[in-house]
Amino acid sequence: MTEERGLQMPHKLILDERKKLTISGVNEVVSFDESAVVLKTGRGNLLVRGENLHLKTLSLDGGQVAVDGTVMALVYEEPRREGGFFSRLFG
C-alpha cells in the first residue's frame, strides 16, 4: 500500500544553492548519515550524497523531507522487480 500511495503523492525536489534540499513524495527514510541519505519514493530509491548532511525536516505523513549540508549528487535507483530470475528476465 505504501508503494501505491507513493505513486499518487507528488514528487518534487528543490535544491537551493546546493545547501538545502527539500523533497516531497517520500515514503520512507531507508538510511542516513553525514555523507549519504537514502530515501524511498514512489519513483524509486533516491540516494543523496554529500558532506555534513543532516535531516532538518521529517514528515512522512505528508511525505516531506528537508536535508541541510553540501549536496554533491542525487541518484535514483529503479525499483527492483519482484519474482525470480526468469520472471525479471522475461517479464
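Just above sits the structure.
Let me begin by describing the structure that accompanies this report. Note that the structure is predicted; figures quoted are calculated from it, not measured.

## Brief notes about the overall build of the protein chain
When helices and strands are tallied, the protein chain shows 2 helices and 6 strands. Secondary structure elements of the protein chain, listed N to C terminal, follow the sequence α-β-β-β-β-β-β-α. Counted over contacts in the protein chain with a minimum sequence separation of 6, partners at least 24 positions apart contribute 43%. Surface accessibility of the protein chain: about 6,200 Å² in total, with carbon and sulfur atoms responsible for 51%.

## Remarks on the sheet that holds strand β3 (residues 26–32)
Pairing in this open sheet of 6 strands is antiparallel, and the strands run β1-β2-β6-β5-β4-β3 from one edge to the other. The sheet is open, and its two borders are formed by β1 (12–16) and β3, each paired with just one other strand. For this sheet, the mean angle separating the axes of adjacent strands, direction not counted, is 35°. By the bridge criterion, 5 bridges tie β3 to strand β4 (residues 36–41) in an arrangement that is antiparallel. Considered in β4, the bridge of Ser 31 is made with Val 38.

## Concerning the pairing of strand β5 (residues 44–59)
Regular strands place side chains that alternate from one sheet face to the opposite one. Pairing of β4 with β5, which is carried by 6 bridges, proceeds in the antiparallel orientation. Along β5, the bridge assignment pairs Lys 40 with Asn 45. Counting the residues between successive antiparallel strands, the hairpin from β4 to β5 contains 2 residues. Judged from the 12 bridges that link them, β5 and strand β6 (residues 64–77) form a sheet pairing that is antiparallel.

## Looking at the environment of Thr 70
For Thr 70, the location among the structural elements is in strand β6. Here the alpha-carbon distance between Thr 70 and Asn 52, two residues 18 residues apart in the chain, equals 6.5 Å. Residues in contact with Thr 70, not counting those within four places in the same chain, are Arg 18, Lys 19, Arg 49, Gly 50, Glu 51 and Leu 53. A polar side-chain atom of Thr 70 sits 3.3 Å from a polar atom in the side chain of Lys 19.

Cut-offs used in this document
- Residues numbered from 1 in each chain as written.
- Predicted model: local features only at pLDDT ≥ 70, side-chain atom pairs only at ≥ 80, totals over all residues.
- Heavy atoms only, no water.
- Helix = DSSP H or I, 4+ residues; strand = E, 2+ residues; numbered from the N terminus.
- Contact = heavy atoms within 4.5 Å.
- Areas by Shrake-Rupley, 256 points an atom, 1.4 Å probe, with all protein chains shown as cover.
- Pairing = 2+ DSSP bridges.
- Axes fitted to C-alpha atoms, helices over the stretch in contact; angles between N-to-C directions.
- Polar contact = N/O pair within 3.5 Å; in protein donor to acceptor, adjacent residues only side chain to side chain.

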